[in-house]
Amino acid sequence: MPKTKKDQFVIAYLADLENSGRVVDYARAMAGFLKKGLILLFICDKKYTKTTADEAQERLSAIKNKYPGEDINFCALKGRTREIISLLPTLLNAVVIIAGVDRKASLLKPTNPRRVIFDFGQCRTAYLTVQNDAQAPSGMHDVALRIDYNRESKEKLIWSSYFARFNGSRLHVMHEEYRDSGLRTKFDNNMLFLDKFFAGLGVGYERETMPNVANFPDKCAIKQAHNKGYDLMVSITTDIREHDFLDWIIGAQETRTIKNKQRLPVLFINPRDDIYVLCD
């Protein structure tokens, strides 16, 4: 358990101890610019692993020792992954979680994209998903977010502002050009809210259009962000109450976004009223 006195922590959830390097890289980077402590976490969930808590602690200690002098703690918790992740804000004062994703992992593995989306379905913090073969973090200086006509778009603004305020990141707001007058009005209202919110924090942004697409606009936005050399994207997951039949057949948008072929890290936020944010 962490010994350092910190108000909040960045959690590196190491579901795969053999391929934890990229998750730790991003967690260290985020802990650095957020000025938070870092906890390496392994969950001893019988559904996924036979590794005992003692074995996990030993391996976590070895990972920690690779970074002497850094504010890194570690712990292994026993239980169901989904339940523990939902409790991390109170168990470990988590403010953001970094999780690894393996596009080729079987459904029996916790790094499988669908498993990650399921296990984080009740998560009360933002969580950054990083593919195990993604590029190392290069400073996270360019952050993309897509704004549309849905009210949930506004929930991306707080975390987007953290990158700008604490990391000096450039924010790139992507949007479609809406022809429908009703959708255009809703989108314009969201942009007015964005302008007011960012102006109050002294945060600037760049605005850019993207192609109009019928399905999976975040997937299109990721492709554009990758082509422009951006470092990550902020996204909202689909409220489970708003899933339609097509989502259950072909997968919700985040299921495709998380395993994007461009290997772009994605910071997800679940649409809920009790999301934990920074104490700043």
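Structure first, text after, so check above.
Just so you know, these numbers come straight off a predicted model, no measurement behind them.

Basis of the calculations
The residue numbering used here restarts from 1 in each chain and proceeds along that chain's sequence as written. Reporting in this predicted model follows two pLDDT cut-offs: at least 70 for local features of residues, and 80 or more for side-chain atom pairs to be given and counted; totals over whole chains, interfaces and linings ignore these cut-offs and use all residues. Side-chain measures here rest on the full set of heavy atoms in the structure, leaving out hydrogens and waters. The classification of residues rests on relative accessible area computed with a 1.4 Å probe and restricted to protein chains. Under 20% of the type maximum is buried, over 50% is exposed, and intermediate values are partly exposed. Numbering of helices and strands starts at the N terminus; helices are DSSP runs of H or I of at least 4 residues and strands are runs of E of at least 2. Here the rule is simple: two strands pair whenever DSSP picks up at least two bridges between them. The definition used for a disulfide is geometric: two cysteine sulfur atoms within 2.5 Å. Every angle, taken between N-to-C directions, lies between 0 and 180 degrees, and every axis is a line fitted to C-alpha atoms, over only the stretch in contact when it is a helix.

A. Broad picture of the pairing of strand E6 (residues 142-146). Buried residues dominate E6, accounting for five of its five residues. The alternating pattern of E6 places Asp142, Ala144 and Arg146 and Val143 and Leu145 on opposite faces, both of which are buried. Relative to strand E7 (residues 170-175), E6 runs parallel, the two being bridged by five bridges. Following the sheet pairing, Asp142 is matched in E7 by Arg170.

B. Molecular detail of the state of the cysteines. Overall, the coordinates contain zero disulfides when judged by the stated rule. Just so you know, Cys44 is unpaired, no disulfide at all, and the nearest cysteine sulfur is the one on Cys75, 9.9 Å from it. The class of Cys44 is buried, set by a relative accessible area of 10%.

C. Representation of the sheet that holds strand E9 (residues 232-236) within the structure. Sheet architecture is open: 10 strands sit in the order E3-E2-E1-E4-E5-E10-E9-E6-E7-E8, paired in mixed fashion. For this open sheet the edge positions go to strand E3 (72-78) and strand E8 (206-209), each flanked by a neighbour on one side alone. The mean inter-strand angle of the sheet, taken between neighbouring strand axes irrespective of direction, is 25°. Alignment of strand E2 (residues 37-44) against E3, held across seven bridges, turns out to be parallel. Bridge pairing in E3 places Leu41 opposite Cys75.

Such coordinate-based values are descriptive only and should not be taken to indicate function.
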